[in-house]
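# Residue-level structure breakdown
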Amino acid sequence: MYMVREGDIFRELENDFESTFARELIPGILHNFANPLNGIMGRSKLLQRRVEDNIKKTVEHFPEAGKRFVEDYGKITKDVELMISEADRLIEMFRSVSGKFYAIGDTTVQKLNLSEMVENEMKFSDFYLDFKHQVKKQVSLDPEVPEISAAPADLTLFLTTLIRYCMGAMKTSKVKEISISTSGERGQAVLRVQDTGSPLPPALRESLMRGGDVPTESPEGARKLVLAFSLLRKYQAGIEVSPEGSKNVYVVRIPVQPAAVKKG
């Protein structure tokens, strides 16, 4: 009779839970959060209108007494406005998380706006506290960038991996800056990313651009970065990786209408 060790039991059950977390559990969690969040926002705005109406009626019917109440009502109004502002922030964070997890689970090739994908990815990345508080970010996104045909899952995993690699490369840098921009150029959607992290070894830059194995003695996270760039090859993406002064520069050009999207 085969005896299962206690540590193996825990790991197997933990792995089973994690394997279903993103695709099965997260959508339900997000759905259940959505209703109370919308309720809070709706009630906050209703409360704001009621307070404003009461102030108006009091001043109209009781001018002298109304003047004394205006200041107190004003404080209440400011509190309600603060509640609405905080509810707005919470809903924005909710949308960022929900957008991320829905994208991860969507492997259907469809028309996507690269700028919108990058914008949501940057918002989501702020949940990494080091990235939020220690990294200076410059973002310039063209809202009119031409749409590309790609699976949201491929694009969001690529962006996450690239941003995470940049974060790791900047860990020991005195200056921590990342800039991300999008644009449209001659029937292509273009993504340009720069970071002030440790320089990429030439062999790794070559692997990122041409594909192939991960060079020996590569920086931490290099394998995941190579895999992330390989996700874009099915969309005939052109990839350029080069040093530019003290920065690493990644440029990705994705044709708006690729000849054919390769499976896998």
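Heads up: the structure comes first, above all this text.
Notes on the structure in this doc start here. (Residues numbered from 1 in each chain as written. Predicted model: local features only at pLDDT ≥ 70, side-chain atom pairs only at ≥ 80, totals over all residues. Heavy atoms only, no water.)

### Structural notes on the overall build of the chain
Helix and strand counts for the chain stand at seven helices and seven strands. Listed N to C, the secondary structure of the chain is α-α-β-α-α-β-β-α-β-β-α-α-β-β in terms of helices and strands. Each of the 264 residues in the chain was classed as buried or not, and the buried ones make up 36%. Partitioning the intrachain contacts of the chain with sequence separation of at least 6 by distance along the chain shows that 71% fall at a separation of at least 24. Total accessible area on the chain is roughly 16,500 Å²; 54% of this is exposed by carbon and sulfur atoms. (Helix = DSSP H or I, 4+ residues; strand = E, 2+ residues; numbered from the N terminus. Buried < 20%, exposed > 50% of the residue type's maximum accessible area, 1.4 Å probe, protein only. Contact = heavy atoms within 4.5 Å. Areas by Shrake-Rupley, 256 points an atom, 1.4 Å probe, with all protein chains shown as cover.)

### Things to note about helix H3 (residues 114–125)
Residues spaced three or four apart along an α-helix point in a common direction, a consequence of the helix completing one turn every 3.6 residues. Relative to the 16 Å expected for twelve residues at 1.5 Å per residue, H3 spans 16 Å between its end C-alpha atoms, a close match to the ideal helical length. Where H3 is concerned, the buried positions are Leu114, Ser115, Met117, Val118, Glu121, Met122, Phe124 and Ser125. Put simply, Asn113 is the residue that caps the front of H3, since its side-chain oxygen is 2.9 Å from the backbone nitrogen of Ser115. (Expected span 1.5 Å × (residues − 1). Polar contact = N/O pair within 3.5 Å; in protein donor to acceptor, adjacent residues only side chain to side chain.)

### Quick notes on the side chain of Ser125
Within the secondary structure layout, Ser125 lies in helix H3. Among all residues touching Ser125, those that are not within four sequence positions of it are Phe131 and Ile163.

### What to know about empty space enclosed by the protein
All chains considered together, the criterion is met by three cavities of 30 Å³ or more. Lining the largest cavity are Lys136, Gln138, Glu177, Ile178, Ser179, Gln194 and Lys247. Of all elements in the fold, only strand E2 (136–140) and strand E4 (177–184) reach the threshold of two or more residues within the lining of the largest cavity. Counted by class, the lining of the largest cavity contains one nonpolar, three polar and three charged residues. (1 Å grid on protein atoms, 1.4 Å probe; cavity = no way out; pocket = protein on both sides within 12 Å on 5 of 7 lines; lining within 4 Å. Points joined across faces, edges and corners; volume = space filled by probe spheres on them. Nonpolar A, V, L, I, M, F, W, Y, C, P; charged D, E, K, R; others polar.)

### Thoughts on the environment of Ile104
Along the chain, Ile104 falls in helix H2 (residues 63–104). Note: C-alpha distance between Ile104 and Leu155 (51 residues apart in sequence) is 8.8 Å.

### Examining the packing of H3 against helix H5 (residues 152–169)
One can describe the packing of H3 onto H5 by two numbers: an axis separation of 10 Å at closest approach and a directional angle of 50°. Judged on the interaxial angle alone, H5 and H3 are oblique. Crossing geometry of H3 relative to H5 is assigned as right-handed. Facing Leu114, Met117, Val118, Glu121, Met122 and Ser125 of H3, the residues of H5 in contact are Pro152, Leu155, Thr156, Leu159, Thr160 and Ile163. Split into classes, the residues belonging to the contact of H3 with H5 amount to eight nonpolar, three polar and one charged. (Axes fitted to C-alpha atoms, helices over the stretch in contact; angles between N-to-C directions. Parallel < 35°, antiparallel > 145°, perpendicular 65-115°, else oblique. Left-handed = near helix turned anticlockwise from the far one by under 90°.)

### Description of the sheet that holds strand E7 (residues 247–255)
Across the sheet, which stays open at both edges, the five strands sit in the order E2-E4-E5-E7-E6 with mixed pairing between neighbours. Edge positions in the sheet fall to E2 and strand E6 (238–244), since each has one partner strand and no second. Strand after strand, the sheet turns through a mean of 10° between neighbouring axes, direction not considered. Pairing geometry for E2 and E4, over five bridges, is parallel. Its bridge partner being in E4, Lys137 is matched across the sheet by Ile178. (Pairing = 2+ DSSP bridges.)

Keep in mind these values describe shape, not function.
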